[in-house]
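# Inside the fold
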Amino acid sequence: MFIPRKILEEKLREMLAEDVGQGDITTALIVPEESTAEAEVIVKEAGVAAGVEEAKILLESLGLRVEASVADGEKIKTKQVLMKIFGETRIILSVERTLLNILSRMSGIATTTRKLTQQLQKAGFKTKVACTRKAAPGLL
């Protein structure tokens, strides 16, 4: 399904705003304004990557530079670096939870779907797994 980048960007930023709420006060108090950093998103469990494009769009919309190591749909291994993020430390820390929620949820769904599809194929069924419209708030 195609969604124009600007619309997706807006939705992702709404999710971030909901998550950050009144602001990231801890980061504001501890991290100097001019501080820059490099961060890595590292895989905890093997599976299928999903949400990489959405993550890149969100991060880039905040002025961060992103180097993704995998694309959506690719197999990922435990302890594999999914992406590297470069830019303002405060922004990286403030977006971290939203970013990980997006990647974890979407990758979890993709991994489970792949497992179910493989089980159906192995059993000899010609069943197709289709998307439903059930969604969590903010992830429509």
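Scroll up to find the structure.
When helices and strands are counted, the protein chain shows four helices and five strands. Secondary structure elements in the protein chain, listed N-terminal to C-terminal, are α-α-β-β-α-β-β-β-α. Considering only C-alpha atoms, the protein chain reaches an extent of 60 × 30 × 25 Å along its principal axes. Within the protein chain, the fraction of its 140 residues that count as buried is 30%. Sequence-distant contacts in the protein chain: of pairs separated by 6 or more residues, those separated by 24 or more amount to 75%. As displayed, the protein chain offers around 9,800 Å² of accessible surface, 55% of which is attributable to carbon and sulfur atoms. The centroid of the 21 positive side-chain charges in the protein chain is displaced by 12 Å from the centroid of its 19 negative side-chain charges.

In this model helix α4 (residues 89–122) runs 47 Å from its N-terminal to its C-terminal C-alpha over 34 residues, within 8% of the 50 Å that 1.5 Å per residue would give. The principal kink in α4, of about 45°, is found at Glu96. For α4, the set of buried residues is Thr89, Ile92, Val95, Thr98, Leu99, Ile102, Leu103, Ser107 and Thr111. Residues of α4 that are buried in the fold lie against α1 (5–20), β1 (36–42), β2 (47–48), α3 (52–61) and β5 (81–88). Phi for Gly124, located one or two positions after α4, is positive at around 90°.

For the rest of this paragraph, the subject is the pattern of salt bridges. Evaluation of the coordinates by the stated rule reveals seven salt bridges. Among the ionic pairs, Glu9 bridges to Arg5, the shortest N-O distance being 3.9 Å. Here Arg5 and Glu9 lie together in helix α1, a separation of four residues that amounts to about one turn. Judged by its relative accessible area of 14%, Glu9 falls in the buried class. We note a salt bridge from Glu67 to Arg65, for which the minimum N-O separation is 2.8 Å. Residue classification places Glu67 among the partly exposed residues on the basis of a relative accessible area of 38%. Ionic contacts of the salt-bridge type, sharing partners, join the residues Arg5, Lys6, Glu9 and Glu60 into one network.

Rules used in this analysis
- Residue indices begin from 1 for each chain and proceed along its sequence in written order.
- Two thresholds apply to this predicted model, a pLDDT of at least 70 for residue-level local features and 80 or more for giving and counting side-chain atom pairs, whereas whole-chain, interface and lining totals are computed over all residues.
- Side-chain metrics in this entry use all non-hydrogen atoms of the structure; hydrogen atoms and water are not considered.
- For the purposes of this entry, the term helix denotes a DSSP run of H or I that reaches at least four residues, the term strand denotes a run of E that reaches at least two, and both are numbered from the N terminus.
- Exposure classes here rest on a 1.4 Å probe applied to the protein chains alone. A residue is buried below 20% of its type maximum, exposed above 50%, and partly exposed in between.
- Contacts are residue-level and defined by heavy atoms, with any inter-residue pair within 4.5 Å sufficient.
- Using a 1.4 Å probe, the Shrake-Rupley method yields the accessible areas, and only the shown protein chains count as cover for residues.
- We score Asp and Glu as negative and Lys and Arg as positive, and we do not count His or the chain ends.
- Here the site of a charge means NZ on Lys, CZ on Arg, CG on Asp, or CD on Glu.
- Here, expected helix span is obtained from the residue count minus one, scaled by 1.5 Å.
- Two axes are fitted around each residue, one to the seven residues ending there and one to the seven starting there, and the angle between them is reported as the bend at that residue.
- When a carboxyl oxygen of Asp or Glu is within 4 Å of a side-chain nitrogen of Lys or Arg, the pair counts as a salt bridge.

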